[in-house]
Amino acid sequence: MEVGLIQRFVDLRGKRVLEIGCGDGRLTRQYAALAESVVAIEPEAELIRDARRLAAEAKIANVSFRVGSAERVRFGGGTFDIALFSWSL
Amino acid sequence: MVHALERARRHLGPNGVLVLIQPRRAKRPFIALTAPGQRQAVGSLINPIFEPIITAAEAAVHNVLDRQLVVPIGKTNQTYRVTLANPSQLDAYLHTNTTPPRFPPGGRRRFLDLWSSRPPGARIQVTEFMTVMAFRIAP
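A brief look at the structure comes next. (Residues numbered from 1 in each chain as written. Chains lettered and ligands numbered in written order. Predicted model: local features only at pLDDT ≥ 70, side-chain atom pairs only at ≥ 80, totals over all residues.)

## So, the overall build of chain B
Working step 1: Along its length, chain B carries four helices and five strands.
Working step 2: Put simply, chain B runs from its N terminus to its C terminus through helices and strands in the order α-β-β-β-α-β-α-α-β.
Working step 3: Scaling as 2.2 N^0.38, a compact globule of 139 residues should have a C-alpha radius of gyration of about 14 Å, whereas chain B reaches 19 Å, well beyond that.
Working step 4: Based on the C-alpha atoms only, the size of chain B along its principal axes is roughly 60 × 30 × 20 Å.
Working step 5: Burial status across chain B gives 22% buried among its 139 residues.
Working step 6: Long-range pairs, those at least 24 residues apart, make up 83% of the contacts in chain B between residues at least 6 apart in sequence. (Helix = DSSP H or I, 4+ residues; strand = E, 2+ residues; numbered from the N terminus. Rg over C-alpha atoms; globule rule 2.2 N^0.38 Å. Buried ≥ 20, exposed ≤ 12 C-beta atoms within 10 Å, placed from the backbone. Contact = placed C-beta atoms within 7 Å.)

## Focus: the interface of chain A and chain B
Put simply, an interface is often sized by how much accessible area is lost when its parts join up.
Working step 1: Contact with chain A, which involves 29 residues of that partner, is made by 28 residues of chain B.
Working step 2: Every element with two or more residues in the side of chain A that touches chain B is listed here: α1 (2-9), β1 (16-20) and β4 (80-86) of chain A.
Working step 3: A per-element tally of the side of chain A that touches chain B places β4(A) first, with seven residues.
Working step 4: The class makeup of the residues in the side of chain A that touches chain B is 17 nonpolar, five polar and seven charged.
Working step 5: Pairing of β4(A) with strand β1 (residues 12-23) of chain B involves six bridges; the strand directions are parallel. Counted as the bridge partner of A:F85 is B:L20 from β1(B). (Nonpolar A, V, L, I, M, F, W, Y, C, P; charged D, E, K, R; others polar. Pairing = 2+ DSSP bridges.)

## What about the packing of helix α1 (residues 2-10) of chain B against helix α2 (residues 50-66) of chain B?
Two quantities define a packed helix pair, namely the angle between the helix axes and the distance between the axes.
Residue and element names in this part refer to chain B.
Working step 1: The N-to-C vectors of α1 and α2 enclose an angle of 50°; their axes lie 8 Å apart at closest approach. Taken together, α1 and α2 sit at an angle that is classed as oblique. When the axes of α1 and α2 are compared, the crossing they make is right-handed. Residues V2, L5 and E6 of α1 form the contact with α2, whose participating residues are A60, N63 and V64.
Working step 2: Residues belonging to the contact of α1 with α2 are distributed by class as follows: four nonpolar, one polar and one charged. (Axes fitted to C-alpha atoms, helices over the stretch in contact; angles between N-to-C directions. Parallel < 35°, antiparallel > 145°, perpendicular 65-115°, else oblique. Left-handed = near helix turned anticlockwise from the far one by under 90°.)

## Some thoughts on the environment of A:I48
All names here are of chain A.
Working step 1: Considering the arrangement of structural elements, one finds I48 in helix α3 (residues 45-57).
Working step 2: In this structure I48 comes out as buried when scored by C-beta crowding, with 21 C-beta atoms within 10 Å.
Working step 3: The sequence separation of I48 and G68 amounts to 20 residues, and the corresponding C-alpha distance is 9.6 Å.
Working step 4: Excluding residues within four positions of it along the chain, I48 makes contact with E42, F65, R66 and V67.

## Some points on the nonpolar core
Working step 1: If you look at the biggest cluster of nonpolar residues, it comprises 43 residues, and the most contacted ones within it are A:I20, A:I82, A:A83, B:L18 and B:V19.
Working step 2: With six residues, the single largest contributor to this core is β1(B).
Working step 3: Beyond its immediate stretch of four places on either side in the chain, B:L18 contacts A:A83, B:L5, B:A8, B:R9, B:V70, B:A134 and B:F135.
Working step 4: Counting residues in each nonpolar core, the second largest holds six residues, with B:V42, B:L45, B:F111 and B:V126 among its members. (Core = buried A, V, L, I, M, F, W, Y, C linked by C-beta atoms within 7 Å.)

## Description of α1(B)
Working step 1: Within the sequence span of α1(B), burial applies to B:A4, B:L5 and B:A8. Buried residues of α1(B), seen end-on, are gathered within an arc of 95° and therefore sit on one face of the element.
Working step 2: The elements touched by buried residues of α1(B) are β1 and β4 of chain A together with β1 and α2 of chain B. (Arc of directions from axis to C-beta.)

## Considering the pairing of strand β3 (residues 38-44) of chain B
Working step 1: Pairing geometry for strand β2 (residues 30-35) of chain B and β3(B), over six bridges, is antiparallel. Within the sheet, the bridge partner assigned to B:L33 lies in β3(B) and is B:Q40.

## As for the environment of B:E6
Working step 1: Inspection of the secondary structure puts B:E6 in helix α1.
Working step 2: It is 20 Å that separates the C-alpha atoms of B:E6 and B:K75, two residues lying 69 residues apart in sequence.

Shape is all these values report; function is a separate question.
Have a look at this one:
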C-alpha cells in the first residue's frame, strides 16, 4: 500500500534510498527489491537487529540497516536520490 | 524536526525527492471485528502524544517550504486495512510503532468482551489513515 503511494510521486526503481525511522524494516522489505540500494536508519538498536534478521530471512541484500537518527546521520552530500521518512518525522 | 528535514535534504543529489509518510491528523486507527457477512465496530485507538507530533511535523514542513528549500510534488490521503487473527497479533502489530496507540479507558475490556463472544471465523480489522507528501529539493 505505502509503496504504491510513494510510487505515485517518485519511481523507486534503480534509486538510492535513505529511509529514516525504518523500525523493524516492514516498509523497507516491501520496496528494497525495486531500489538500487537502501540505507535504513532507526534510533532503536533492538529494532535494527530485528530488521537485519527479517531482511536476511527475506534474502534482501541491498539494504544497510544502521542505528541512528536523521539529525545525527552523516553521509557525503548528494549520496541519495530519495529520502523517505516513514512515519517518523 | 526541521533539522531532520534539512539534514535529509543535504544527503540528496540533484532532483532528489523527500517523501514523508505521516498519520492523518483527524483520523485515528480504528478497530473492528469482522466475520463472514459481519462487521462489528469496536472503536478508535488513542495516542496522547500523537497530536503534538503531527503539529510539529507540519510546522517543520512549512518551515522548509517557506524557506524554499523544497518544492511540493504532491500529497495524498489514503486508508488501508490490516486483518489480524487474534488479540496477541493486534498487540504485536500496534507495538511496531515507537509510540503505539492504545485503547481509550474501558476500550480494551469492551474489545476483549466482544472478542470472547466472537462469531466463527472472526478476525480483527485495523483501519489506518495516512498522508503521503513528496517534495523535490529546490535547485
